[in-house]
Amino acid sequence: MTPGAPFIVRKDDHLFIDQWRAKRIAEHVGTPCFVYSKAALEHAWHQYADALAGTPHLICYAVKANSNLAILNLFARLGAGFDIVSGGELARVLAAGGKADRVVFSGVGKTEGEMRAALYAGIKCFNIESPSELERLDRVAGEMGKVAPISVRVNPDVDAKTHAHISTGKKENKFGIGYDMAPDVYRRARDLANIRITGIDAHIGSQVLDVEPLYACMRRLLDLVDRLASEGIHLHHISNGGGLGVQYRQGETSPDIPAYVTRLMAMLDGRKLELLLEPGRSLVGNAGVLLSTVEVLKIAGEKRFCVVDAAMNDLARPAIYGAWHDIVNAGPDTAPVRDWDVVGPVCESTDKLGEGRPLGISEGDMVAILSAGAYGMTMSSNYNTRPRAVEVLIDGDDAHIIRKREVIADLFKDELIPGQG
Ligand SMILES: *Cc1c(COP(=O)(O)O)cnc(C)c1O
């Protein structure tokens, strides 16, 4: 089964996103093109939401995974909260119809401007990542005549056993407040006039496939909750962050979301805490693909290069993390299957989407890079003055363009030549 099944499947020699042939979509909008399945997004949402029903909870979708307004709007209508990491993401959430009082704000370097915008909007809470951020927030809130709700993002010193670049919960990482330091930060927060303590949170990393570290994290947080309660500091919510992994390769199994959520609920063990989760990748990753046209097939010594019109500027994960994405022919095989290095046209040797991939393709065919719904478009750039790809959302019989392909002239419209104009 393809990653993304049953919403994204190959049948009758074609890749389908819901009932749409990938090739038909690309005929309308061209390539490179991100395509998302609304049914797959809703399915992933319900994996969390249905299991959490009956417990006070809030699913705060991590906006950075895929921040297109249409996707934020979809989750907002399903009742989502949002985990943001910048003032820009706050503006997006509000523009998409998200509710400020369901927003939690993470990040190690919130600026005063971002704090003001979030206080003005009235967010649910600031996830505090350093003692000095706490002092600064107290001052900014005081200047505005507001009280800032806070959670302390604790660094639980748990190894998420994921890629080093996306691991965030070890004590040497820049994220969160050291576990042993956290009680002091809460005591200080209690004494600050413009701060109101509401919760505790952690996020140990991303693309976590072994959930044991996530349970270890929850246990560490609950120990702190109990210790703080014994000092009279009572918390309203607990967030175990995001991090659940998705399937990037055929045969790989991703964590069972309902089982994970159910176990977290059991760990609460009667404590009166609202349970927050901050899933990003696991809500959108398998719901999207990147379609790309084969421009040139090139044989260089032992190597066979399949040069496609998508590149590291469209999907950075393989270049940055050495990440794997399954790549399939979007249509019928037109040539004997051979192993190809699928590369983009960008002038970097790291511009490789996949190495040694068995594909029966010819020039002009279309391939699909699977599981591209998370950290695809949001990490894209205009490197090599390449316009960003178009984004399409499939909703039953309808295919909606949710972001137009960028226009080349727009890419340099804000640039100025001194002395001209
Ligand atoms: C990125 C991030 C998430 C989401 O992580 P996923 O692995 O995409 O689920 C959640 N919480 C915080 C604080 C984050 O920075």
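Residues numbered from 1 in each chain as written. Predicted model: local features only at pLDDT ≥ 70, side-chain atom pairs only at ≥ 80, totals over all residues. Heavy atoms only, no water.

## Details of the site of the ligand
- In the vicinity of the ligand, 14 residues are found, and the nearest of them are Lys-64, Ser-206, Glu-278, Arg-281 and Tyr-375.
- A distance of 2.8 Å separates an oxygen atom of the ligand from a polar backbone atom of Gly-243.
- In the model, an oxygen atom of the ligand is placed 2.7 Å from a nitrogen or oxygen of the Arg-281 main chain.
- In isolation the ligand offers 390 Å² of accessible surface; the protein chains occlude 95% of this area.
- When grouped by side-chain class, the residues that make up the shell around the ligand number 3 nonpolar, 6 polar and 5 charged. (Near = heavy atom within 4 Å. Polar contact = N/O pair within 3.5 Å; in protein donor to acceptor, adjacent residues only side chain to side chain. Areas by Shrake-Rupley, 256 points an atom, 1.4 Å probe, with all protein chains shown as cover. Nonpolar A, V, L, I, M, F, W, Y, C, P; charged D, E, K, R; others polar.)

## Focus: the domain arrangement of the protein chain
- Per the domain assignment, the segments making up the protein chain are domain 1 (8–37 + 285–411) and domain 2 (106–279).
- Placing a centre on the C-alpha atoms of domain 1 and another on those of domain 2 gives a separation of 35 Å.
- Every contact between the two is made by 9 residues of domain 1 and, on the other side, 9 residues of domain 2.
- Here domain 1 meets domain 2 over a buried area of about 880 Å², counting both sides, of which 48% is carbon and sulfur. (Domains from an automatic or database assignment. Contact = heavy atoms within 4.5 Å. Buried area = accessible area lost by both parts, 1.4 Å probe.)

## Comments concerning helix α4 (residues 87–95)
- Along α4, the residues that are buried comprise Glu-89, Leu-90 and Val-93. Down the axis of α4, the smallest arc covering the buried residues is 105 degrees, so these residues share one side.
- Buried positions along α4 lie against α3 (69–77), β6 (81–84), β7 (103–105) and α5 (112–121).
- Two to three positions downstream of the cap, the backbone nitrogen of Gly-88 sits 3.3 Å from a side-chain oxygen, assigning the N-cap of α4 to Ser-86.
- Count one or two residues on from α4 and you reach Gly-97, which has phi positive near 95 degrees. (Buried < 20%, exposed > 50% of the residue type's maximum accessible area, 1.4 Å probe, protein only. Helix = DSSP H or I, 4+ residues; strand = E, 2+ residues; numbered from the N terminus. Arc of directions from axis to C-beta.)

## Focus: the side chain of Lys-110
- In this fold, Lys-110 is placed in the loop between β7 and α5.
- A polar side-chain atom of Lys-110 sits 2.7 Å from the main-chain carbonyl oxygen of Asn-127.
- At 2.6 Å, the side chain of Lys-110 and the side chain of Glu-133 are in polar contact.

## With respect to the nonpolar core
- Judged by nonpolar contacts, the single largest core of 104 residues is most densely connected at Phe-75, Phe-82, Phe-126, Ile-150 and Ile-238.
- In terms of residue count, the dominant contributor to this core is helix α8 (residues 212–230) (9 residues).
- Built from parts of two domains, this core gets at least three residues from each of domain 1 (8–37 + 285–411) and domain 2 (106–279).
- Beyond its immediate stretch of four places on either side in the chain, Phe-82 contacts Cys-60, Tyr-61, Val-63, Leu-72, Phe-75, Ala-76, Val-93, Gly-98, Arg-102, Val-103 and Val-104.
- Counting 20 residues, the second-largest nonpolar core is a separate cluster that includes Leu-15, Ile-17, Met-366 and Leu-370. (Core = buried A, V, L, I, M, F, W, Y, C linked by side-chain atoms within 4.5 Å.)

## Thoughts on the packing of α4 against α5
- Packing of α4 against α5 leaves a shortest axis separation of 9 Å and a crossing angle of 25 degrees. As summarised for this structure, α4 and α5 are arranged roughly parallel, according to the angle between their axes. Every pair of crossing elements has a handedness; the one defined by α4 and α5 is left-handed. Touching Gly-87, Leu-90 and Leu-94 of α4 are Glu-114, Ala-117, Ala-118 and Ala-121, all from α5. (Axes fitted to C-alpha atoms, helices over the stretch in contact; angles between N-to-C directions. Parallel < 35°, antiparallel > 145°, perpendicular 65-115°, else oblique. Left-handed = near helix turned anticlockwise from the far one by under 90°.)

## Some thoughts on the pattern of salt bridges
- One pass over the full model with this rule turns up 20 salt bridges.
- Put simply, Lys-38 and Glu-42 hold a salt bridge, and the shortest N to O gap is 3.9 Å. Of the two residues, Lys-38 and Glu-42 both sit in helix α2 (residues 38–52), 4 residues apart, roughly one turn of that helix.
- On the accessibility criterion, Lys-38 (16% relative accessible area) is buried.
- The partner of Arg-139 in a salt bridge is Glu-112, with the nearest N and O atoms 2.7 Å apart. Here Arg-139 is found in helix α6 (residues 131–144), whereas its partner Glu-112 is found in helix α5, with 27 residues between them in sequence.
- What you see here is one network of salt bridges that share partners, running through Glu-112, Arg-116, Arg-136, Arg-139 and Glu-143. (Salt bridge = Lys/Arg side-chain N within 4 Å of Asp/Glu carboxyl O.)

## Focus on unusual backbone geometry
- Cis rather than trans, the peptide bond between Ala-5 and Pro-6 has omega equal to 5 degrees.
- Within the secondary structure, Pro-6 is located in the segment before β1 (8–11).
- Omega for the peptide link from Thr-31 to Pro-32 comes to -5 degrees, which places this bond in the cis form.
- You can see Pro-32 is positioned in the loop between α1 (22–29) and β4 (33–37).
- With a phi angle near 70 degrees, Asp-13 is a residue other than glycine that sits in the positive phi range.
- For Asp-13, a relative accessible area of 44% puts it in the partly exposed group.

## Some words on the sheet that holds β1
- If you walk across this open sheet you meet the 3 strands as β1-β2-β3, and the pairing is antiparallel. This sheet does not close on itself; its edge strands, each paired only once, are β1 and β3 (20–21).
- Of the strand pairs in this sheet, β1 and strand β2 (residues 14–17) are connected by 4 bridges, and their pairing is antiparallel. Note that in β2 the partner of Lys-11 across the bridge is His-14. (Pairing = 2+ DSSP bridges.)

## Observations concerning the environment of Tyr-260
- Assignment of secondary structure puts Tyr-260 in helix α9 (residues 257–268).
- Taking the C-alpha atoms as reference points, Tyr-260 and Val-211, 49 residues apart in sequence, are found 7.5 Å from one another.

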